[in-house]
Amino acid sequence: MIRLEDVRFRYEEMAMRFDAEFPTGSFTAVIGPSGGGKSTLLNLIAGFEAPEQGCVLIDGVDVTALPPDRRPVSMIFQDNNVFAHLDLWQNVALGISPSLRLDAERKARVDAALAEVGLGALMHRKPGEVSGGERQRVAVARALVRDRPVLLLDEPFAALGPALRRDMLDLVKAMQQARGLTVVMVTHQPEDAQAAASHTAYLENGHIVALRPTAELFAAQDLPGLRDYLGDWSRPEL
Amino acid sequence: MIAYRPSRAPGYAALALLALALAAGFLPVLRMGLEQGIAGLDPYVFRVLRFTLLQAGLSTFLSLLLGLPLARALARQSAFPGRALLLRLLNLPLALPAIVVIIGIIEVYGARGWFGGIFDIYGLQGILLAHVFFNVPLAARLILADLERIPAESWKLAAQLGLRPLAIWRLVEWPAVKSGVAGAALLIFLLCASSFAVVLTLGGGPRATTLEVAIYQSLRSDFDPQRASMLALVQLALCATLALVAQAWGGLAAGWPALRLQPKRYDGRSTTARLLDGGIVLVALLLLVPPLVALIGAGLFHINPSPLLLRALLTSLGLGAASAVLAFVVVWPLAAFAVRSGGWRKVTSIAVLASWIVPPAALATGWFISLIAHAGMTGLAAFLVIAMNALMSLPFVARVLMPALAQSAEAHDRLCLSLGLAGWSRFRLVELPVMKRAIGLSLVMALILSLGDLTAISLFGTQDFVTLPALIYRQMGSYRFDEAIGTALVLSALVLAFSTLAERWSDQR
């Protein structure tokens, strides 16, 4: 479980405050206008930003003061998830050992993760020689070998076409269910939230305005900001 | 599609002028060199070549030895107080004329200086000290630009994977900087191999002379054009080789770090890292600050507003303005063609590259031989200095004008074509108002370069034709070091005023 207790953070002019809970094994989508603090929320959980006040708890442990690598968290970004000069296998292996010295058992784990995301045949290519979707799969495979209970996704598939995006989402969803991961995913695509997320949070001006079961949130009539954000999308009859 | 065509005559004229200047420099040297054949390559030439390579190699090594850790320290500690000031300080040695910096170094490390006795500054040690002073900041800024291009996600990833400093260096930093380091090394080697003022003032004896300075001595002291042309051929071959290697590498075009938002870094927070980075910055400050402080401190009390100083000042400004205008007039028509046609682009880039790699002293040897046969030096000195300085500033002028001109062509060509706006009226009504900052910047850059020039004025100057750098050198040579410091301060003030102006124009583009 991820808990943010009265977490305060200031970015330029905007004062943010987060008070929320993401239960263990849940898949939460985070939607909302750009600049509203969606990425900041993930950065606070991952430890890339330090709150001015309040604390972040993961599975009951206060991680507020821990550096990113000591938190039980993996994160996948929209872009630049791989080092261009290392091949796909090495990029995944970094998730286990920063010095890339692995024993046979760990090597097998890297191979298995690459096979699981469908990159078994491409493992000795460089990132520049594979497609954008395949590069994102490398990040998923790395999260697999890192085997941390929390997975954060920051618009991970925004640069991919609809079919690929759906494939990737299915992959992450399967991984989440098989391992009981707690997933928080920032997205701009309502259909991503509906396809994968049990819960969806609507975030605006540095606050989580609502965090409800996905279907309930998209049907909500009491959130005027959400209606404006979704626009025509919420009224397919128009 | 019908494309806009600039008028041809100025383009061909500019090209002809450039070809003439290069041919007049190159052909006599080649002829005189070939006449001597292998016999001309005597032990003296080899000794000079060996010293040139030795000092350039050592200078490059030492500059990177400090420049690389300095860049890393500045990139890793992205928010300490005074960082912005330090970055500006790193620009200073590049902006100041070499002769001015040398004065500062002598004032600090010379026999009677603040830290006198640490180095023997007349000879190899002094040459290395001066080259390191110039090139540590250059290396640091070039490499810092590469480090700052590393995407923010890489730093997040490194933090999440818990990479240690060594792993970060191996996996993130070194891959990002390695081609930049090679490019910087080549550039620094090239600059040091053709450095003139430093070697002339701090070396110059038969044991510590480089090709560039040896050419000058053969021409002006020994009057031995044969030896000069042999040395010039060797220098040409050396510089051309280095420049071609650099060109093939493609690493020289690296830009300066922009003052934009830096990606946040999560490493380097440990006490060890901070102490290490702080120590490196301190070493750099110890290297850079004392000569500059000495220059200002001592210079303020020794400005002697003699008629000679005033005349040198006016001569410097006059020559600088003339060579800036000449460089502009040559580059503009070429650039106007180059941004619109692939063929012209090739020709122009070759011409600009040629003017960059041809070492001034080698070129001067040819001009010297060509002209001395026909006329005396005196009447021509000013023209030769202007031409040489214009030629040296061509690459910089082109680098500024080309992108601006390309942008203007893109935006205005079709409208101008439909209105029949061309030639002078187009320049007056469209390019001049739209590009006035770029034009101003290119002129000021050329002016600054020629204000600091000691090479051309030494090669062609005469007793009563003196610029500020030449005056400083003369005052140094005649045991009036105090006056030299005063003159150096005047020159630096002048150059810094112009470069502040240039910086403002380049920021607002």
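On a predicted model such as this, the values are computed, not experimentally measured, just so you know.

Calculation notes
- Within each chain, residues carry numbers counting from 1 in the order of the written sequence.
- Just so you know, chain letters begin at A and ligand numbers begin at 1, following the order they were written in.
- Given that the model is predicted, a residue must reach a pLDDT of at least 70 before its local features are reported, and side-chain atom pairs must reach 80 or more before they are shown or counted; all residues, however, enter totals for whole chains, interfaces and linings.
- Only DSSP runs of H or I covering at least 4 residues are called helices, and only runs of E covering at least 2 are called strands; the numbering of each starts at the N terminus.
- Our radius of gyration is a C-alpha quantity, and the globule rule it is checked against amounts to 2.2 Å times the number of residues to the power 0.38.
- Put plainly, a residue is buried at 20 or more neighbouring C-beta atoms within 10 Å of its own, exposed at 12 or fewer, and partly exposed in between, counting only other residues' C-beta atoms, which are placed from the backbone.
- C-beta atoms are placed from the backbone for every residue, and two residues are taken to be in contact when these atoms lie within 7 Å.
- Residues are grouped as follows: nonpolar covers Ala, Val, Leu, Ile, Met, Phe, Trp, Tyr, Cys and Pro; charged covers Asp, Glu, Lys and Arg; every other residue, Gly included, is treated as polar.
- What counts as an axis is a line fitted to C-alpha atoms, over the stretch in contact for a helix, and the angles between N-to-C directions run from 0 to 180 degrees.
- To sort the angles, those under 35 degrees are grouped as roughly parallel, those over 145 as roughly antiparallel, those from 65 to 115 as roughly perpendicular, and the leftovers as oblique.
- When the near helix sits turned anticlockwise from the far one by under a right angle, the crossing is termed left-handed; a clockwise turn instead gives a right-handed crossing.
- In this scheme, strands are said to pair when DSSP sees at least two bridges between them.

**Considerations on the overall build of chain B**
For chain B, the helix and strand inventory stands at 20 helices and 0 strands. Here the C-alpha atoms of chain B give a radius of gyration of 24 Å, agreeing with the 23 Å that 2.2 N^0.38 yields for 509 residues. Expressed as lengths along the three principal axes of its C-alpha atoms, the size of chain B is roughly 70 × 70 × 50 Å. Counting only residues that meet the buried cut, chain B has 47% of its 509 residues in that class. Expressed as a percentage of contacts within chain B between residues at least 6 apart in sequence, the contacts between residues at least 24 apart total 84%.

**Here we look at the interface of chain A and chain B**
At the interface, 17 residues of chain A touch 15 residues of chain B. Class assignment of the residues belonging to the side of chain A that touches chain B gives a composition of 9 nonpolar, 6 polar and 2 charged.

**A closer look at helix H1 (residues 38-46) of chain A**
Residues and elements named next belong to chain A. For H1, the tally of buried residues reaches 9 of 9 residues, placing the bulk of the element in the interior. Turning to H1, its buried residues are Lys38, Ser39, Thr40, Leu41, Leu42, Asn43, Leu44, Ile45 and Ala46. One or two residues past the end of H1 sits Gly47, with phi positive at roughly 95°.

**Some thoughts on the packing of helix H2 (residues 43-76) of chain B against helix H5 (residues 124-148) of chain B**
Residue and element names in this part refer to chain B. Look at H2 against H5: their axes get within 6 Å of each other, and the N-to-C directions meet at 40°. With respect to H5, the element H2 is oriented oblique. Of the two possible hands of crossing, H2 and H5 adopt the one that is right-handed. In terms of residue class, the contact of H2 with H5 is built from 19 nonpolar, 6 polar and 2 charged.

**Quick word on the pairing of strand S7 (residues 150-154) of chain A**
Residue and element names in this part refer to chain A. Counting buried positions over the 5 residues of S7 gives 5, a clear majority of the element. The alternating pattern of S7 places Val150, Leu152 and Asp154 on one face and Leu151 and Leu153 on the opposite face, and all of these are buried. The sheet contact formed by strand S6 (residues 73-76) and S7 spans 4 bridges and is parallel. Opposite Val73, over in S7, you have Val150 as the bridge partner. As paired elements, S7 and strand S8 (residues 182-186) share 5 bridges and run parallel to each other.

**So, the packing of H5 of chain B against helix H11 (residues 271-300) of chain B**
All names here are of chain B. At a minimum axis separation of 10 Å, H5 and H11 run at an interaxial angle of 125°. Relative to H11, the element H5 is oriented oblique. Every pair of crossing elements has a handedness; the one defined by H5 and H11 is left-handed. On the side of H5, the interface is formed by Phe133, Val136 and Pro137, while H11 contributes Ala284, Leu287, Leu288 and Pro291.

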